[in-house]
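Commentary on secondary and tertiary structure
The lines below spell out each chain.
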Amino acid sequence: MEVGDQDIRDAIERTSVLRFPKQALATFGTTNVDYYLLTTPVYQDIVDSEETVIREGKVSAARPQIVTPSYLTRLEGFGDNARKYLDLVMQEYGPHTPGLLYTYKNQPRETSIVSDGLEVVAGRLNDLIEKEGNKLAAVIHGVDELWDVSLLKLIRELTEGSLRSNVAELGSTGLFFI
């Protein structure tokens, strides 16, 4: 299946982060975010029961560097669709705007299919994360055939949410001037 820019945009619009990590990305170290990416299987229309695909994994964000967005293309463990998404981001914000770069590495663990609806599965996962006290866990409702784009949406939003505290920390040490 050939994936175009509009397919990527549609996947981003249809993706929602149901639970963000309760901790920002670290400024001076590596951050490991556990994720549960939930999707409705592409074949759902031809079966009689509700099913949910659960992709579990960990994304590691290395200590950030001060760079331009053109360096965002240095990814490991992501597919071609994720790269297309980053190309769209660079078109929107420009390839040479200074910022902070986290180098990300996706480490998928397990993919399973369960016989429950997405909302039920999300609720169970939220309860599990609360019980374990995992402050660096996320639950994402994504698009099955473009799951890597859905995962990148989480990463981008988490990075944007961490930016203010990271810049402030770097500024307090004299490493970043704004």
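Below or above, wherever it landed, is the structure these notes cover. Note that this is a predicted model, so its numbers are computed, not measured.

**Remarks on the sheet that holds strand 2 (residues 31-39)**
With respect to topology, 5 strands assemble into an open sheet ordered 1-7-2-3-6, the strand pairing being mixed. Looking at which strands have only one partner, the edges of the open sheet turn out to be strand 1 (16-19) and strand 6 (104-114). Ignoring strand direction, the axes of neighbouring strands in this sheet form an average angle of 25°. As defined by bridge partners, strand 2 adjoins strand 3 (residues 52-61) across 9 bridges and the pair is classed as antiparallel. Of the residues in strand 3, the one forming a bridge with Leu38 is Ile54. Against the sheet, helix 3 (residues 118-132) contacts strand 1, strand 2, strand 3, strand 6 and strand 7 (137-141), and its axis sits at roughly 155° relative to strand 2.

**Digging into helix 3**
Its 15 residues place the ends of helix 3 21 Å apart at the C-alpha level, agreeing with the 21 Å of an ideal helix rising 1.5 Å per residue. Among the residues of helix 3, those classed as buried are Leu118, Val121, Ala122, Leu125 and Ile129. When helix 3 is viewed along its axis, its buried side chains cluster within an angular range of 100° and face the same direction. Exposed residues pointing more than 90 degrees away from the buried face of helix 3 are listed as Glu119, Asp127 and Lys131. Packed against the buried residues of helix 3 are strand 1, strand 2, strand 3, strand 6 and strand 7. Immediately beyond the C-terminal end of helix 3, within one or two residues, lies Gly133, with a positive phi of roughly 70°.

Calculation rules
Residues numbered from 1 in each chain as written. Predicted model: local features only at pLDDT ≥ 70, side-chain atom pairs only at ≥ 80, totals over all residues. Heavy atoms only, no water. Pairing = 2+ DSSP bridges. Helix = DSSP H or I, 4+ residues; strand = E, 2+ residues; numbered from the N terminus. Axes fitted to C-alpha atoms, helices over the stretch in contact; angles between N-to-C directions. Contact = heavy atoms within 4.5 Å. Expected span 1.5 Å × (residues − 1). Buried < 20%, exposed > 50% of the residue type's maximum accessible area, 1.4 Å probe, protein only. Arc of directions from axis to C-beta.

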